[in-house]
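Summary of structural features
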Amino acid sequence: QQVAQIRTPQRRGPSQIPASALPAVPTEQMKSAVERSWEQVQALGTYNVGEILYRHTFMIMPEAIHLFPPEVRLKYREWSPDEGNDESNAYQSPALRKLFSKFVNAVGCAVVGLHDSSKLVPMLTQLGARHINYGVNEAHWETLGKAFKSALREILRESFTQEGEGAW
């Protein structure tokens, strides 16, 4: 198996990365493309992006709604008068908007962390491990990734270029 040697500022000496993983290592150009597009996404607000994201997630994988029964959604309620009380329709759920906005915030942390993988990778690993306990599996993460790209396409429209999509 071929191995690439990469020097990082956080470590002394080379680290071993399998050659098959190299396409996953973002270049500076890719990082810049992600950061530029993220600025546009942030302008919409995390709750709005969260709503777009959960809409796309359930369009791609309708059965994923079972991961969010009413008792789970109730944990994410604001309990404010303007939020509304009706959680009977998960597809119109203020609680899901808030829950998916947490994912949007995690993506924001990942974007900020693009330049320091020594902190980013453990944070994402811990986040993924925590969600195993909620019944989330690899197929769900793949679906969320597809839904996120669809949401980006909807939000960014023509500014979501092939370069930007490849970077994400």
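Above this text is the structure in question.
Just so it is clear, the structure is predicted and the values come from calculations on it, not from any experiment.

With that out of the way, let us pick up the packing of helix α4 (residues 94–112) against helix α6 (residues 138–156). The axes of two packed helices give the description: the angle between them and the distance between them. Running from N to C, α4 and α6 point in directions that differ by 80°, and their axes come no closer than 13 Å. As summarised for this structure, α4 and α6 are arranged roughly perpendicular, according to the angle between their axes. Where α4 approaches α6, its residues F100, F103 and V107 are matched on the opposing element by W141, L144 and F148. When its residues are assigned to classes, the contact of α4 with α6 shows six nonpolar, no polar and no charged.

Relative to the helices and strands, T161 resides in the loop between α6 and α7 (162–167). Here T161 falls in the partly exposed class, since its relative accessible area comes to 37%. Reaching out from T161, the side chain makes a polar contact with the backbone nitrogen of G164 at a distance of 3.0 Å.

For the rest of this paragraph, the subject is the side chain of R73. Topologically, R73 is positioned in helix α3 (residues 70–74). By relative accessible area, which is 5% here, R73 ends up buried. In terms of polar contacts, R73 uses its side chain to reach the backbone carbonyl oxygen of F68, at 2.7 Å.

With that settled, consider the pattern of salt bridges. A full pass over the atoms with the stated rule returns six salt bridges. For K119, the salt bridge goes to D116, with nearest N and O atoms at 3.9 Å. K119 gets classed as exposed once you look at its relative accessible area, which sits at 62%.

A few words now on the nonpolar core. Ranked by size, the top nonpolar core spans 30 residues in total, and within it W38, V41, L53, F58, L96 and F100 carry the most contacts. Among the elements of the structure, α1 (28–44), α2 (46–60), α4 and α6 are those that each provide at least two residues to this core. If one sorts the elements of this core by residue count, α6 sits on top with seven residues. Discounting residues that sit within four places of it in the chain, F100 has contacts with G50, L53, Y54, T57, F58, F68 and L144.

Calculation rules
Residues numbered from 1 in each chain as written. Predicted model: local features only at pLDDT ≥ 70, side-chain atom pairs only at ≥ 80, totals over all residues. Heavy atoms only, no water. Axes fitted to C-alpha atoms, helices over the stretch in contact; angles between N-to-C directions. Helix = DSSP H or I, 4+ residues; strand = E, 2+ residues; numbered from the N terminus. Parallel < 35°, antiparallel > 145°, perpendicular 65-115°, else oblique. Contact = heavy atoms within 4.5 Å. Nonpolar A, V, L, I, M, F, W, Y, C, P; charged D, E, K, R; others polar. Buried < 20%, exposed > 50% of the residue type's maximum accessible area, 1.4 Å probe, protein only. Polar contact = N/O pair within 3.5 Å; in protein donor to acceptor, adjacent residues only side chain to side chain. Salt bridge = Lys/Arg side-chain N within 4 Å of Asp/Glu carboxyl O. Core = buried A, V, L, I, M, F, W, Y, C linked by side-chain atoms within 4.5 Å.

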